Amino acid sequence: MTVTVSGPDFIALQVRDVEAAAAFYEQHLGLRRAPASPPGAVVFTTEPVPFAVREPLPGVDLDAVERPGLGVALWFRTTGAQALHDRLHAAGVPIVKAPEDGPFGRMFTFVGPEGYVITTHEA
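Just so it is clear, the model here is predicted, and its values are computed rather than measured.

Participant: Before we go on, may I ask you to explain the pattern of salt bridges in this structure?
Facilitator: For side chains of opposite charge, pairing can occur when their charged atoms come near one another. Scanning the entire structure with this criterion turns up six salt bridges. Salt-bridge contacts for Lys 97 lead to Glu 100; the nearest nitrogen and oxygen are separated by 3.0 Å. Relative accessible area serves as the criterion here: at 39%, Lys 97 is assigned to the partly exposed category. The partner of Asp 101 in a salt bridge is Arg 106, with the nearest N and O atoms 3.5 Å apart. Judged by its relative accessible area of 64%, Asp 101 falls in the exposed class. Since its relative accessible area comes to 23%, Arg 106 is described here as partly exposed. Each of Arg 16, Asp 63 and Glu 114 takes part in a single network of salt bridges with overlapping partners.

Right, here's the structure in full:
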């Protein structure tokens, strides 16, 4: 029997404050919570891959790292990169890279809760 892997099936960010992080993604990005989430986590109804914020796994010390997720590129698809940028900027969310046209459409990068760097692009 040949085993294959088809790609990412679930993405979760480990955060210190699950409710604060979940509120950020709800209020600023418009994500909606899934009807059920495991204890210590909030899962959102994102497609094609579910996204969540969760308590750190045993042995993970977020205070011991300069920036969580360093080296990982996390991209979210949006229908309006410029409008989302303008809304996040107005709310005081740090913008790492201003909007520009790239190979995946209009895109920009911001710093989300707990220091995770996230790029959004238009599809």
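Participant: Mind showing me how you'd approach the sheet that holds strand 6 (residues 105-111) here?
Facilitator: Read from one edge to the other, the open sheet built from four strands follows the order 4-7-6-5, with strand pairing classed as mixed. On the outer flanks of this sheet lie strand 4 (74-78) and strand 5 (95-102), each paired with one strand and no other. Ignoring which end each strand starts from, the neighbouring axes of this sheet average 20 degrees apart. Lying on the sheet, helix 2 (residues 81-90) is in contact with strand 4, strand 5, strand 6 and strand 7 (117-122); it crosses strand 6 at an angle near 20 degrees.

The rules behind these values
- Residues numbered from 1 in each chain as written.
- Predicted model: local features only at pLDDT ≥ 70, side-chain atom pairs only at ≥ 80, totals over all residues.
- Heavy atoms only, no water.
- Salt bridge = Lys/Arg side-chain N within 4 Å of Asp/Glu carboxyl O.
- Buried < 20%, exposed > 50% of the residue type's maximum accessible area, 1.4 Å probe, protein only.
- Pairing = 2+ DSSP bridges.
- Helix = DSSP H or I, 4+ residues; strand = E, 2+ residues; numbered from the N terminus.
- Axes fitted to C-alpha atoms, helices over the stretch in contact; angles between N-to-C directions.
- Contact = heavy atoms within 4.5 Å.

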